[in-house]
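Residues per chain are reported as follows:
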Amino acid sequence: MNALARWVPRLIIATAVLHFVWAFAQPNSWAVIAREGFFATNVDSEAADYFVHEASIWFMASGFAMLAIGTLSLHVVRATGRLPAQVGWYMLVIGVPLCVIYFPVTGSWAMVVIGVLGLVAARRPQLAAVREHRRAEGTTAGTTADRQ
């Protein structure tokens, strides 16, 4: 297991925690949502505070989504020693469109960086296995030739 494979899930989890913090730190409407009740509280798109509700809800929801990706990928890394490439692709698929739409006033560039790191981490075990295989072939070939 390479160090990058261990760190990518941790970075995703840290990003999820930052999303939870930002969901409450930014101008939000959690008090209004709680007062009105959580069930169908944001269905009236004509309401004056609709977009504040929307931002609060989506920051929280995306935090949970990233927490799920991060904790599941951490489990996979611990179980197999490898980070699936899908983790990097998921982060890129989420981060790139957000960067295109909201850049430069977005933190989604962090998801792009984590996505690239995830793809690099997923590729490293394959490269290490190829190098090890080549070394083993070279050692085996040398000893086989010496025996003949």
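Quick caveat, the model's predicted, so the values are computed rather than measured. (Residues numbered from 1 in each chain as written. Predicted model: local features only at pLDDT ≥ 70, side-chain atom pairs only at ≥ 80, totals over all residues. Heavy atoms only, no water.)

So, the overall build of the protein chain
- Check the secondary structure of the protein chain and you find five helices and zero strands.
- When burial is assessed residue by residue, the protein chain has 32% of its 148 residues classed as buried.
- Contacts in the protein chain between residues at least 24 apart in sequence constitute 69% of all its contacts with a sequence separation of at least 6.
- With the model as given, the accessible surface of the protein chain reaches about 9600 Å², and the carbon-plus-sulfur share is 68%. (Helix = DSSP H or I, 4+ residues; strand = E, 2+ residues; numbered from the N terminus. Buried < 20%, exposed > 50% of the residue type's maximum accessible area, 1.4 Å probe, protein only. Contact = heavy atoms within 4.5 Å. Areas by Shrake-Rupley, 256 points an atom, 1.4 Å probe, with all protein chains shown as cover.)

Examining the packing of aromatic side chains
- The tally for this structure, following the rule as stated, stands at one aromatic pair.
- In this structure, arginine 10 is placed above the aromatic ring of tryptophan 7, and the distance from its NZ or CZ to the ring centre is 4.9 Å. (Phe/Tyr/Trp six-rings, centres within 6.5 Å; stacked < 30°, edge-to-face > 60°. Lys NZ or Arg CZ within 6 Å of the ring centre and 35° of its normal.)

Observations concerning helix H4 (residues 85-102)
- The end-to-end C-alpha distance of H4, which contains 18 residues, comes to 26 Å, matching closely the 26 Å that a straight helix rising 1.5 Å per residue would cover.
- The complete set of buried residues in H4 reads Val87, Gly88, Met91, Leu92, Gly95 and Cys99. (Expected span 1.5 Å × (residues − 1).)

Let's talk about the packing of helix H1 (residues 3-25) against helix H3 (residues 50-80)
- It is at 8 Å that the axes of H1 and H3 come closest, and there the two elements cross at 160°. Judged by the angle between their axes, H1 and H3 are roughly antiparallel. For the pair H1 and H3, the crossing hand works out as left-handed.
- Along the lines of polarity and charge, the residues of the contact of H1 with H3 split into 17 nonpolar, eight polar and one charged. (Axes fitted to C-alpha atoms, helices over the stretch in contact; angles between N-to-C directions. Parallel < 35°, antiparallel > 145°, perpendicular 65-115°, else oblique. Left-handed = near helix turned anticlockwise from the far one by under 90°. Nonpolar A, V, L, I, M, F, W, Y, C, P; charged D, E, K, R; others polar.)

Let's talk about H1
- Over its 23 residues, H1 runs 32 Å from end to end, which matches the ideal 33 Å to within 8%, given 1.5 Å per residue.
- Listing the buried residues of H1 in full gives Leu4, Ala5, Val8, Pro9, Ile12, Thr15, Ala16, His19, Phe20 and Ala23.

A word on the side chain of serine 73
- Residue position: serine 73 is located in helix H3.
- Overall, serine 73 belongs to the buried group, its relative accessible area being 3%.
- A polar contact of 3.0 Å, which involves the side chain of serine 73, links it to the backbone oxygen of glycine 70.
- Setting aside anything within four residues of it in sequence, one finds serine 73 in contact with Pro9, Ile12, Leu83 and Val87. (Polar contact = N/O pair within 3.5 Å; in protein donor to acceptor, adjacent residues only side chain to side chain.)

Digging into the nonpolar core
- Counting residues in hydrophobic clusters, the biggest one holds 14 residues, and the most contacted among them are Val8, Ile12, Met66, Leu83, Val87, Met91 and Ala121.
- Listed by contribution, the elements that provide at least two residues to this core are H1, H3, H4 and helix H5 (109-147).
- Discounting chain neighbours no more than four positions away, the residues touching alanine 121 are Asn2, Leu4, Ala5, Val8 and Leu83.
- Counting residues in hydrophobic clusters, the runner-up holds five residues, among them Phe20, Ala23, Ile33 and Met60. (Core = buried A, V, L, I, M, F, W, Y, C linked by side-chain atoms within 4.5 Å.)

A few points about a nonpolar patch on the surface
- On the surface, a nonpolar cluster with roughly 680 Å² of combined accessible area is contributed by Ile94, Val96, Leu98, Val100, Ile101, Tyr102 and Val105.
- For isoleucine 94, the position within the fold is in helix H4. (Patch = residues over 30% accessible without salt bridge, like charges linked within 9 Å, V, L, I, M, F, W, Y side chains within 5 Å. Salt bridge = Lys/Arg side-chain N within 4 Å of Asp/Glu carboxyl O.)

Remarks on the environment of alanine 121
- Mapped onto the elements, alanine 121 comes out in helix H5.
- Look at alanine 121 and you get buried, because its relative accessible area is 0%.
- Put simply, alanine 121 and alanine 85 are 36 residues apart on the chain and 8.0 Å apart in space, counted from C-alpha to C-alpha.

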